Amino acid sequence: RLLVGPWVVHPNSRKRLTWDLLGMVLIVYDLIMIPLSIFDIEQTTLLSAVAMTSMCFWTIDLPSCFAVGYHSGGNLIMNPMQIAKQYSMTWLPLDILLVSIDWMIFLLGDNVDSNASDAESLGLARLGKTMRVMRVLRVLRLLRLIKLPKYFLRFEEHMQSESASVVV
């Protein structure tokens, strides 16, 4: 008999559904805001709060994925070692890359790029170039769009109404 940790969450539980719905909303937010970032939009308090929420969500999501069972060949896998192996071979490297980019942009500050001439005069041109590269790498967050069909499938499994299912 395989050991199932008390912290392992069923992939179709309401808790996980709620978490995945929030992930869907944040992916749609990125889908809208990342292309708009080329227009140098003023960073309001609301946009900053949503960006910080998104960064924290994906940071927490990374280790939480080690605690979510998965389906394989019609079987429900709830063994922590198998979950860790599966996640490590699929989304973990990409998730680490994307979360690292988010935190580097946050820690280095996002305004260096807009003040490139000031940065060069201060001898920080290399930092300015690094920030431009980081902003370009931010587009990689759109790779999370690949997760949307899985989220929609989980969401659809919880629907009681066929008409609501068709809308989704």
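The preceding data block contains the structure.
Think of each chain on its own: its residues are numbered from 1, step by step along the sequence as written. Only residues with pLDDT of at least 70 get local features here, since the model is predicted, and only at 80 or more are side-chain atom pairs given and counted; chain-wide, interface and lining totals rely on the full set of residues. By convention in this description, side-chain values take in all heavy atoms of the structure and omit both hydrogens and water.

A. Spatial organisation of the layout of surface pockets. When its volume is computed, the second largest pocket comes out at roughly 490 Å³. The pocket and cavity definitions rest on a 1 Å grid over protein atoms only: a 1.4 Å probe that fits but cannot leave marks a cavity, an open set with protein on both sides within 12 Å along at least five of seven lines marks a pocket, and residues lining either have an atom within 4 Å of a point. Gly 69, Tyr 70, His 71, Lys 150 and Arg 154 are the residues nearest the centre of the second largest pocket, which is lined by 21 residues in total. Only DSSP runs of H or I reaching four residues or more are called helices, and only runs of E reaching two or more are called strands; each is numbered from the N terminus. Listed by contribution, the elements that provide at least two residues to the lining of the second largest pocket are strand 1 (70–72), helix 3 (80–89) and helix 7 (148–157). A per-element tally of the lining of the second largest pocket places helix 7 first, with 5 residues. Grid points are joined across faces, edges and corners, and a volume is the space filled by probe spheres set on the points.

B. Spatial organisation of the packing of helix 1 (residues 14–36) against helix 2 (residues 45–64). To define axes, lines are fitted to C-alpha atoms, for helices over the stretch in contact only, and angles between the resulting N-to-C directions are given on a 0 to 180 degree scale. In the contact formed by helix 1 and helix 2, the axes pass within 10 Å of each other and the chain directions differ by 130°. In terms of orientation, helix 1 and helix 2 fall into the oblique class. Viewed along their axes, helix 1 and helix 2 form a crossing whose handedness is left-handed. From helix 1, Arg 16, Trp 19, Leu 22, Gly 23, Leu 26, Ile 27, Tyr 29, Asp 30 and Met 33 reach across to helix 2, where they touch Leu 47, Val 50, Ala 51, Ser 54, Phe 57, Trp 58, Ile 60, Asp 61 and Ser 64. Roughly parallel covers angles under 35 degrees, roughly antiparallel covers those over 145, roughly perpendicular covers 65 to 115, and oblique covers all other angles. If you view the pair so one helix is near and one far, a crossing is left-handed when the near helix is turned anticlockwise from the far one by less than a right angle, and right-handed when it is turned clockwise. Here a residue-residue contact requires only that any non-hydrogen atoms of the pair lie within 4.5 Å.

C. Here's a closer look at the pattern of salt bridges. Throughout this description, the term salt bridge denotes a Lys or Arg side-chain nitrogen within 4 Å of a carboxyl oxygen of Asp or Glu. Applying the stated criterion across every chain yields a total of 2 salt bridges. We note a salt bridge from Arg 16 to Asp 20, for which the minimum N-O separation is 3.2 Å. One end of the pair, Arg 16, and the other, Asp 20, are both in helix 1, 4 residues apart, so they sit about a helical turn from each other. Note on exposure labels: buried denotes an accessible area under 20% of the residue type's maximum, exposed denotes more than 50%, and partly exposed covers the range between, all computed with a 1.4 Å probe on protein chains only. Judged by its relative accessible area of 1%, Asp 20 is buried. With a closest N to O distance of 3.5 Å, Asp 61 and Arg 16 form a salt bridge. Separated by 45 residues along the polypeptide, Asp 61 in helix 2 and Arg 16 in helix 1 bring together distant segments of the chain. Of the two residues, Asp 61 and Arg 16, neither departs from the other in class, the shared state being buried. Salt bridges linked by common partners bring Arg 16, Asp 20 and Asp 61 together as one network.

D. Layout of the packing of aromatic side chains. The rule is short: rings of Phe, Tyr and Trp, with Trp giving its six-membered ring, pair when the centres are within 6.5 Å, and they are stacked under 30 degrees, edge-to-face over 60, tilted in between. On inspection of all chains with the given rule, the structure shows 4 aromatic pairs. Here the aromatic rings of Phe 66 and Tyr 87 are separated by 4.9 Å at their centres, their planes lie at 90°, and the arrangement is edge-to-face. One end of the pair, Phe 66, is in the loop between helix 2 and strand 1; the other, Tyr 87, is in helix 3, and 21 residues separate them in sequence. Given a relative accessible area of 6%, Tyr 87 falls into the buried group. Among the aromatic residues, those joined into a cluster by ring pairs are Trp 19, Phe 57 and Trp 58. Any Lys NZ or Arg CZ that is within 6 Å of a ring centre and within 35 degrees of that ring's normal is treated as a charge sitting over the ring. For Arg 144, the ring lying beneath its charged end belongs to Trp 58, and the centroid distance is 4.2 Å.

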